[in-house]
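# Architecture at a glance
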Amino acid sequence: MKKNWLVIAFGAMLIFGGVTWTLQGLDVMQGSAMSGVTLWAVVGPIVAIVGLVLLGVGFARLRRVSR
């Protein structure tokens, strides 16, 4: 059961990081060397989607275990 919470926490961190990278790549968040760089505008959403998948897997496992 502890592993499920680790998967959920890791997924949430990936979502946060992916959104941050996307905003920096799109030059919405300025003040970084990553600001305005197209690479981060592409990598950010991919990382956020991986985080969403991990979050979904973690919650699905948590629901299955709690039954």
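Above this text sits the structure in question.
Residues numbered from 1 in each chain as written. Predicted model: local features only at pLDDT ≥ 70, side-chain atom pairs only at ≥ 80, totals over all residues. Heavy atoms only, no water.

Where nonpolar side chains cluster on the molecular surface, the patch consists of Val19, Leu23, Leu26, Val28 and Met29 and spans about 420 Å² of accessible area. Among the structural elements, Met29 can be located in the loop between α1 (2-25) and α2 (38-66). For Met29, a relative accessible area of 34% corresponds to the partly exposed category. (Patch = residues over 30% accessible without salt bridge, like charges linked within 9 Å, V, L, I, M, F, W, Y side chains within 5 Å. Areas by Shrake-Rupley, 256 points an atom, 1.4 Å probe, with all protein chains shown as cover. Salt bridge = Lys/Arg side-chain N within 4 Å of Asp/Glu carboxyl O. Helix = DSSP H or I, 4+ residues; strand = E, 2+ residues; numbered from the N terminus. Buried < 20%, exposed > 50% of the residue type's maximum accessible area, 1.4 Å probe, protein only.)

Structurally, the position occupied by Ser35 is in the loop between α1 and α2. Given a relative accessible area of 17%, Ser35 falls into the buried group. A polar contact of 2.9 Å, which involves the side chain of Ser35, links it to the backbone oxygen of Met29. Dropping the residues within four chain positions of it, Ser35 is found in contact with Gln24, Asp27, Met29 and Gln30. (Polar contact = N/O pair within 3.5 Å; in protein donor to acceptor, adjacent residues only side chain to side chain. Contact = heavy atoms within 4.5 Å.)

On to unusual backbone geometry, then. In the Ramachandran plot, Asp27 falls in the positive-phi region, its phi being about 65° despite a non-glycine side chain. Given the relative accessible area of 37%, Asp27 is considered partly exposed.

On to the environment of Trp5, then. Of note, Trp5 is situated in helix α1. For the pair Trp5 and Gly58, spaced 53 residues apart in sequence, the C-alpha separation works out to 6.9 Å.

With that settled, consider α1. Relative to the 34 Å expected for 24 residues at 1.5 Å per residue, α1 spans 34 Å between its end C-alpha atoms, a close match to the ideal helical length. Of the residues making up α1, those classed as buried are Asn4, Val7, Ile8, Gly11, Leu14, Gly18, Thr20, Thr22, Gln24 and Gly25. Positive backbone phi, at 65°, marks Asp27, one or two positions downstream of α1. (Expected span 1.5 Å × (residues − 1).)

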